[in-house]
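Architecture at a glance
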Amino acid sequence: MDRRTLPPVVALLLAVCSLRPTSLAETVHCDLQPVDAKVTYVTSQVSKGCVAQVPNATLEVHVLFLESSRDLSELELTVQKSNQNGTRPREVLLVLSANKNILLRLQAPGIPLNLAFNPTLIFQGPPGINTTQLPPFTTQNQFLDWAKTKGPIVSVAELNDPQSVLLRLDQAPRAPSSCNLEPLMDMGHTLDWSPLTPTSVRGCRLEGVPGHKEAHIVKVLPGTEARPRTVTVKVELRCASGGPDAVLILQGPPYVSWLIDANHNMQIWTTGEYSFKIFPKENIRGFPLPDTPQGLLGEAWRLNASMVASFVELPLASVISLQSHSCGGGLQTSPPPVPTTPPKESCNQELLLSLIQPKCSEDIMTVVLKKDLISTLRCSITSLTFSDPSCQAEDRDDQFVLRSAYSSCGMKVTENVVRNEVVVNLLSSSSPQWKVHCINMESLSFQLGLYLSPHFLQVSNTIELGQQGFVQVSMSPSIPELMLQLDSCHLDLGPDADTVELIQSQTAKGSCVSLLSPGPSGDVRFSFLLRGYMVSTPTTGTLSCTITLRSRSLSPDTHRTVSMRLNVVSPGLPDKGLVLPAVLGITFGAFLIGALLTAALWYIYSHTRSPGKREPVVAVAAPASSESSSTNHSIGSTQSTPCSTSSMA
C-alpha cells in the first residue's frame, strides 16, 4: 500500500515510530552526579610551551615552569635519553621554576644532566648530577633569558599541578630551529605528563531501562594539532563475582584510534578505529558518534544500558586509565558534602617523614630538617630524637640537626648496616617514627684497578698512549645485598694539564670510553683510550672514580671515591715504567757514551795509521746514539689521532 494513501493519523504514527530511537536518545533523561570511579590520564598537551630542533649542539637546554596550587606537593620527573642506537647522549641542562614548594624525585639514568632550580624546589635525586641555585627571578622571561646564555633551548613547557613528568631527549624532526612559546601547545613525543588534580567522573541511572547493563563513556576533546595518534585505554572493572554486562563508548576526533586493554569482556562502541592489546594489529572500524554529552548518553540508552557507571571528558591524551567498582550493581555515587565548619588543616605527616633522609659519613649519621618546610607542612615539632630519647636534635636558626656516631643513641650495628629510628614529637598529635639506616663501611674496602686486557687478570699502573685500558672497581668482601654503581671517573694530570673526563653522571664521556658489563661479583667496569692531544707523554696522573654503594632493600645510598696513581708513556719504550726524568737521563747517558767512544776510535786511528797513506774516514753513528735519536723523535711526535690502537704519527 502506498504510504500517501494512508489516513493522516496512521501516517503520523508511523513517522513518530520511525523517529523514536533518535529523538528519545537525544532527549533521554540522566542526571549526572559524581561517582566513585577513578580516571587518570597522560597527555602531551600543556598550557604553554614550544619544541625546537637543535641537531649540532653539544648542550641542550630544557625549561619547565611548574605551577602548583598546593603549598607543598611531590613530583616524579624522569628524563629519558634518545633511543637512537650509536648516538652518544648530549649534555643536558634542565631548568626548573616552581611557584610553590615541590619535592622533586628525579631519575635520569645514563644522562649527563645538569640541574638548575629556584629555592622553592626540594631536590631528591641520584648522585652525580650538577646542581645550580637560580637567582631570584620573578618572571618567565627572566628564566628564559638566563637559560639562553647557557645553550640553545630545545623545549619549554608550563605544567599546572603536575604529578609525574616524562621528558624525552629525542630530536623532534618537524620542529622549528628556535623555541617560541605558544599557548595550548602539543609537545608531541618530547613530553608526557599526568596531573595531580583528580579528574571529575560522573554517572547516572537511565530512566525506563530495565536490567543491570552499565556504560562507561570517555569523551576526548580535540587537540591543537590534527595528526594521527593512538590513545591507549586501560579499563579495570573490579567485581566480587563474575564479569559485568558492560559497554565502553569512546568518542574523539576523527584522527584518533584506540588501543583497548580491558580485564573483562565488554561491548565496544567507538569513533575511528580500535584494536585490542592482545591483537594490536587487528584494526576494527568504529562508528560515527555524536560529540555532545547528551548525544553520548543517548547512545548508551540505545545500547540498552540501564546506567552510566562513568562519564568523563578529557583533553587529548596518550594513555587513559579507568577503574570502576559498580559491576552492574547500584550506582556508586560519592556522598554529598556535609556543610560543616572547615577543619583546620593538619600536619602532612607522610610528606614530613619523606623529608627525613640521613647522611652517612665517617661513621656518623646526620638528619637535617629545615624549619621552613616544616612550617609549610603545617607541622609543629617540639623535638626530634633517635630511638634513645636522650639524643635530641640541635635547634639551629633555620633547621633541626640530629647527629650521632654509630656507637651510641640506640644504633643497631650489624655486619653491613647501621639502623635506627627517628622520632618526630608533634605538638598536637601522635609522634610518628621513621626508620633510617647507614651502610656500615668499617668492614668494607674498595679497589680501583687498571688492566691492559679485557680479561682483567693482571693489574698495571702504566699505560701507553694509544693503548686501550680496562678499569675495574671492586668491593671486598662481596656482599649480595649491596651493589656498586659507577657515577663518575676522571684522570687528573696535574695543574698544567686539563682533567680528562671519562665517566660523568653514569655515562661514558666521549667516543673513546665504553661502559662494560659488570664482573662476576658485581664489579663495575669500563674501558678507555687516550688520544694524543689529551696527554703530553710521558707523565703521571691520578685516576679517580666516585661510586655509589646501594642497598637492594634500603635507602639512602652511600658514596665513596677511590683513586690510583697512573703512568702514561709513549709507545715502544723498553721499560714502560719509566717517566720523563728517567727517559731524559738515559738519553743523555747514551749520547755521552757514544761521543766518548767516537773520540776514542779517532784517537786510535790517528796514532796507528802510516804517515804516507791517508784514507777517507766514514763516520758511523753508534747504536746508542741512534736509539737516542729515535727516542727523542718518538717523544716529540705525539699527535691527536682518531680512536684506534695507533696514536703516533
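By convention here, each chain's residues receive numbers from 1 onward along its written sequence. Only residues with pLDDT of at least 70 get local features here, since the model is predicted, and only at 80 or more are side-chain atom pairs given and counted; chain-wide, interface and lining totals rely on the full set of residues. In computing side-chain properties, one takes all heavy atoms of the structure into account and sets aside hydrogens as well as water.

Going by the annotation in an unreviewed UniProt entry, the name recorded for the protein chain is Endoglin isoform X2, with Mustela putorius furo given as the source organism. Per UniProt, the comment on the protein chain under Subcellular location (unreviewed entry) is "Cell membrane". UniProt positions are given in the numbering used here, feature names are shortened, and annotations may be inferred rather than shown by experiment.

Here we take up the overall build of the protein chain. Of the regular secondary structure elements, the protein chain holds seven helices and 43 strands. Per-residue burial over the protein chain gives 45% buried out of 649 residues. Considering only contacts within the protein chain whose residues lie at least 6 apart along the sequence, 70% involve residues at least 24 apart. The numbering of helices and of strands both runs from the N terminus, where a helix is a DSSP run of H or I of at least 4 residues and a strand a run of E of at least 2. In this scheme, a residue with accessible area under 20% of its type's maximum is buried, one over 50% is exposed, and one in between is partly exposed, where area comes from a 1.4 Å probe on protein chains only. Should any heavy atoms of two residues lie within 4.5 Å, those residues are counted as being in contact.

Pairs of aromatic rings are described using the distance from one ring centre to the other and the angle between the two planes. Pairing of aromatic rings covers Phe, Tyr and the six-membered ring of Trp, with a centre-to-centre limit of 6.5 Å; geometry is then stacked below 30 degrees between planes, edge-to-face above 60, and tilted otherwise. A complete count under the given rule lists eight aromatic pairs for this structure. Between Phe65 and Phe143, the aromatic rings sit 6.1 Å apart at their centres with planes inclined by 80 degrees, giving edge-to-face as the arrangement. Here Phe143 lies in helix 2 (residues 140-148) and Phe65 lies in strand 4 (residues 59-67), a separation of 78 residues in the sequence. Accessibility expressed as a relative area gives 1% for Phe65, which makes it buried. With centroids separated by 6.0 Å and ring planes inclined at 75 degrees, the aromatic side chains of Phe456 and Phe470 adopt a geometry described as edge-to-face.

Hydrogen bonds between backbone groups are what pair the strands of a sheet, and the pairing can be parallel or antiparallel. Two strands are said to pair when DSSP picks up at least two bridges between them. Strands sit in the order 1-15-23-16-18-20 across an open sheet of six strands; the sheet is mixed. Each end of this open sheet is capped by a strand with a single partner; those strands are strand 1 (33-34) and strand 20 (267-270). Alignment of strand 16 (residues 214-220) against strand 18 (residues 246-251), held across six bridges, turns out to be parallel. Across the sheet, the residue bridging to Ile217 is Ile249, located in strand 18. Lines are fitted to the C-alpha atoms to define the axes, a helix being fitted only along its stretch in contact, and any angle between axes, read from their N-to-C directions, falls within 0 to 180 degrees. Sheet strands touched by helix 3 (residues 293-302): strand 15 (202-205), strand 16, strand 18, strand 20 and strand 23 (307-314). Its angle to strand 23, the strand with the most contacts, is close to 145 degrees.

Across soluble globular proteins, you tend to see nonpolar side chains buried next to one another. Among buried residues, the Ala, Val, Leu, Ile, Met, Phe, Trp, Tyr and Cys ones that are joined through side-chain atoms within 4.5 Å form a nonpolar core. Ranked by internal contacts, the top residues of the largest apolar core, which has 35 residues, are Leu444, Phe446, Leu486, Leu502, Phe526, Phe528 and Leu549. Those elements that provide at least two residues to this core are strand 33 (445-451), strand 36 (468-476), strand 37 (482-492), strand 38 (500-504), strand 41 (524-529), strand 42 (539-551) and strand 43 (558-569). Top element by residues in this core is strand 37. It accounts for five residues. Ignoring sequence-local partners within four residues, the contact set of Leu444 consists of Ile439, Met475, Ser476, Pro477, Ile479, Leu482 and Leu549. By size, the runner-up hydrophobic cluster in this structure holds 33 residues, among which are Val367, Leu384, Phe386 and Tyr406.

Next up on the list: the pairing of strand 22 (residues 279-285). Of all seven residues in strand 22, zero are buried; the element is thus mostly exposed. Hairpin geometry of strand 21 (residues 273-276) and strand 22 is characterised by an intervening segment of two residues between the two adjacent antiparallel strands.

We now examine the state of the cysteines. Cysteine sulfur atoms are paired as a disulfide whenever they fall within 2.5 Å. Following the criterion strictly, the structure yields five disulfides and no others. Sulfur-sulfur distance for the disulfide between Cys489 and Cys545 comes to 1.9 Å. Because the sign of the S-S torsion sets the handedness, a value of about 120 degrees for the bond joining Cys489 and Cys545 places this disulfide among the right-handed ones. Linking Cys489 in strand 37 with Cys545 in strand 42, this pair joins segments that are 56 residues apart in sequence. Look at Cys489 and you get buried, because its relative accessible area is 1%. Classification of Cys545 by relative accessible area gives buried; the value is 0%.

With that settled, consider the pattern of salt bridges. One speaks of a salt bridge when a side-chain nitrogen belonging to Lys or Arg is within 4 Å of a carboxyl oxygen belonging to Asp or Glu. Considering all chains together, one arrives at 13 salt bridges under this definition. As a salt-bridge pair, Asp186 and Arg229 come within 2.8 Å of each other at their nearest N and O atoms. Taken together, the residues span a long stretch of sequence, with Asp186 in strand 13 (residues 182-186) and Arg229 in strand 17 (residues 229-237) at a distance of 43 residues. The residues Asp186 and Arg229 share a single accessibility class, namely buried. The partner of Lys371 in a salt bridge is Asp395, with the nearest N and O atoms 2.5 Å apart. Of the two residues, Lys371 sits in helix 5 (residues 371-376) while Asp395 sits in strand 28 (residues 394-395), which places them 24 residues apart along the sequence. Accessibility expressed as a relative area gives 27% for Lys371, which makes it partly exposed. Connected via shared salt-bridge partners are Arg174, Asp186, Glu225, Arg227 and Arg229.

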